[in-house]
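# Fold and contact review
Next come the chains, spelled out residue by residue.
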Amino acid sequence: MATPVSIEVWNPNGKYRVISTKPMPGTRWIRLLTDQNCRVEICTQKKTILSVEEILTLIGDKCDGVIGQLTEDWGEVLFSALSKAGGKAFSNMAVGYNNVDVNAATKYGVAVGNTPGVLTETTAELAASLSLAASRRIVEADEFMRAGLYDGWLPHLFVGNLLKGQTVGVIGAGRIGSAYARMMIEGFKMNLIYFDLYQATRLEKFVTAYGQFLKSNGEQPVTWKRASSMQEVLREADVISLHPILDKTTYHLINKDSLAIMKKEAILVNCSRGPVVDEVALVEHLKENPMFRVGLDVFEDEPFMKPGLRDMKNAVVVPHIASASKWTREGMATLAALNVLGKIKGYPIWSNPNQVEPFLDENSPPPDACPSIVNAKPLGLTASKL
Ligand SMILES: NC(=O)C1=CN([C@@H]2O[C@H](COP(=O)(O)OP(=O)(O)OC[C@H]3O[C@@H](n4cnc5c(N)ncnc54)[C@H](O)[C@@H]3O)[C@@H](O)[C@H]2O)C=CC1
Ligand SMILES: O=C(O)C(=O)CO
């Protein structure tokens, strides 16, 4: 028997049945759907991660589209059920979609949406926060104060690293990696070394121009270098932030061997996906190198941490909150809803998923387009001319 799942219903007489597997921030996304004749059903089950069986129950016999979460396993079983229920669209409320089997979705004719752009700066800001928290030992120092251990200023108390003039390494210089790099370069006058499969031309131009600006002001200019391998970044950088997608090329990109070539006092930040780092190897490395520090937003087996990590003073850990600003989370909900709505309505695909601002303006109706569909090409969906 199917497991019952609690739901909240908006616009019960709407023609199209759209499900959201979680309550999402804001109300604009609900309004956009109900205004377009959708009945919106929001799962209110008090359970963080829904199982495939629970989502099957939600989909039922008739469902036009689903907005889902990165914690869910969207594969063959769910896409086959969604397609049988008449569903045409699924959107993750996330830019990353490693939890989605896109080939399975394509096989069943289901469009897969994601939410790029709206979370770029918010996520980069958290990566920058973790870089600072790790380099200046903020969490350790906070715990020390709260434990009543502060007896007065001391020359050696919580000495950390100065970022100015050091090298920031970025692995995966896409939207978020480039935004993070700019923050660290402009904010702290760090030099850049990056590794990506593609050249980050705009980022390079930014660093060149900023370097010239600093020089014309009599300051040391910042520099950039595109590394020919990830190892080059690991060897040379003082702070390394990981921003690639998770796929089979990036699984355990950081492992025992790659940790071994990093500087003993380096800082590693991960706001991409947990499995990019071999967490067991990382815990060992943290134990053996007390001056090596990490800032982690993501973990290999979320919501768990590998044994030993929680005891490491040289690790700052936060629960996958990199995109958690109110504006961003409301925007993610809007983009996810519009991906689903757009596909149901037969709208074309927005031509530039890096520029989604027109969808986010509360004061005007969004364009008649799907903001970002990752399998548009194999599904033969056309791009908008807007
Ligand atoms: N912690 C969090 O809350 C968040 C995590 N993310 C993660 O960040 C990822 C990146 O997001 P965006 O910057 O928007 O995506 P993006 O597609 O703009 O950037 C990803 C970059 O990784 C590069 N890349 C791919 N394979 C690589 C490899 N083997 N080695 C080096 N670089 C490689 C790509 O060429 C691309 O430039 C998402 O896929 C998601 O997993 C995104 C938002 C929030
Ligand atoms: O968008 C993503 O990929 C996240 O991890 C959450 O914002």
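Being a predicted model, the structure only gives us computed values, none of them experimental. (Residues numbered from 1 in each chain as written. Chains lettered and ligands numbered in written order. Predicted model: local features only at pLDDT ≥ 70, side-chain atom pairs only at ≥ 80, totals over all residues. Heavy atoms only, no water.)

### Comments concerning the overall build of the chain
Counting its regular elements, the chain contains 14 helices and 13 strands. Over its C-alpha atoms the chain spans a radius of gyration of 23 Å, differing by no more than 12% from the 21 Å that the globule rule assigns to 386 residues. Principal axes of the C-alpha set define a box for the chain whose edges measure 70 × 50 × 40 Å. Across the 386 residues of the chain, 52% fall into the buried class. (Helix = DSSP H or I, 4+ residues; strand = E, 2+ residues; numbered from the N terminus. Rg over C-alpha atoms; globule rule 2.2 N^0.38 Å. Buried < 20%, exposed > 50% of the residue type's maximum accessible area, 1.4 Å probe, protein only.)

### With respect to the state of the cysteines
Using the criterion set out here, one finds zero disulfides in the structure. Cysteine Cys63 remains unbridged, with the sulfur of Cys38 as its closest cysteine sulfur at 11 Å. Taking the relative accessible area as the measure of exposure, Cys63 reaches 0% and is therefore buried. (Disulfide = S-S within 2.5 Å.)

### Digging into the UniProt feature "domain: D-isomer specific 2-hydroxyacid dehydrogenase NAD-binding" (unreviewed entry) in the chain
UniProt's entry tags residues 130–322 with the feature "domain: D-isomer specific 2-hydroxyacid dehydrogenase NAD-binding" (unreviewed entry), counted in the numbering of this structure. Taken end to end, residues 130–322 has its terminal C-alpha atoms 10 Å apart, with 35% of it in helix and 15% in strand. (UniProt positions renumbered as here; feature names shortened; annotations may be inferred.)

### Topic: the nonpolar core
In terms of nonpolar packing, the biggest core is built from 65 residues, with Trp29, Leu33, Ile67, Tyr180, Ile185 and Leu192 touching the most fellow members. Among the elements that line this core, the one with the most residues is helix 12 (residues 326–345), at nine residues. Shared between two domains, this core takes at least three residues from each, and those domains are domain 1 (7–114 + 347–379) and domain 2 (120–317). With residues up to four places along the chain from it excluded, the contact list for Tyr180 reads Ala124, Ala127, Ala128, Ser131, Val168, Val170, Val239, Ser241 and His243. If you look at the next biggest cluster of nonpolar residues, it comprises 28 residues, including Ala237, Leu286, Leu296 and Leu309. (Core = buried A, V, L, I, M, F, W, Y, C linked by side-chain atoms within 4.5 Å. Domains from an automatic or database assignment. Contact = heavy atoms within 4.5 Å.)

### Some words on the packing of helix 5 (residues 120–135) against helix 7 (residues 175–188)
The geometry of helix 5 relative to helix 7 is characterised by a closest axis approach of 8 Å and an angle of 50 degrees between their N-to-C directions. The orientation of helix 5 with respect to helix 7, classified from their angle, is oblique. You can see that helix 5 and helix 7 cross each other, and the crossing is right-handed. In this structure, helix 5 contributes Thr120, Glu121, Thr123, Ala124, Glu125, Ala127, Ala128, Ser131 and Leu132 to the contact, and helix 7 contributes Arg175, Ile176, Ala179, Tyr180, Met183, Met184 and Phe188. Classifying every residue of the contact of helix 5 with helix 7 by side-chain character gives ten nonpolar, three polar and three charged. (Axes fitted to C-alpha atoms, helices over the stretch in contact; angles between N-to-C directions. Parallel < 35°, antiparallel > 145°, perpendicular 65-115°, else oblique. Left-handed = near helix turned anticlockwise from the far one by under 90°. Nonpolar A, V, L, I, M, F, W, Y, C, P; charged D, E, K, R; others polar.)

### As for the sheet that holds strand 3 (residues 38–43)
Sheet architecture is open: six strands sit in the order 1-3-2-4-5-6, paired in mixed fashion. Where the open sheet ends on each side, the last strands, each with one partner, are strand 1 (7–10) and strand 6 (111–113). This sheet shows a mean twist of 15 degrees between the axes of neighbouring strands, independent of strand direction. Of the pairings in the sheet, the one linking strand 1 to strand 3 comprises four bridges and is antiparallel in character. Considered in strand 3, the bridge of Trp10 is made with Val40. (Pairing = 2+ DSSP bridges.)

### Re the domain arrangement of the chain
Each assigned domain of the chain is listed here: domain 1 (7–114 + 347–379) and domain 2 (120–317). Counting from both sides, the interface comprises six residues of domain 1 and, opposite them, four residues of domain 2. Carbon and sulfur atoms make up 47% of the surface buried where domain 1 meets domain 2, a total of about 470 Å² over both sides. Ranking the residues of domain 1 by area buried against domain 2 places Val95, Asn98 and Asn354 at the top, with a combined share of 65%. Taken together, domain 1 and domain 2 are joined by zero salt bridges. Inspection of the domain 1/domain 2 interface yields two residue pairs in polar contact (both at pLDDT 80 or more). Considered class by class, the residues forming the side of domain 1 that touches domain 2 number three nonpolar, three polar and no charged. (Buried area = accessible area lost by both parts, 1.4 Å probe. Salt bridge = Lys/Arg side-chain N within 4 Å of Asp/Glu carboxyl O. Polar contact = N/O pair within 3.5 Å; in protein donor to acceptor, adjacent residues only side chain to side chain.)

### Observations regarding helix 11 (residues 279–288)
Looking at helix 11, one finds that the buried residues are Glu279, Ala281, Leu282, Val283, His285 and Leu286. Lining the buried residues of helix 11 we find helix 10 (256–260), strand 11 (267–270), strand 12 (293–296) and strand 13 (315–317). One side-chain oxygen of the residue at the start of helix 11 lies 3.2 Å from the amide nitrogen of Val280, identifying that residue as Asp278.

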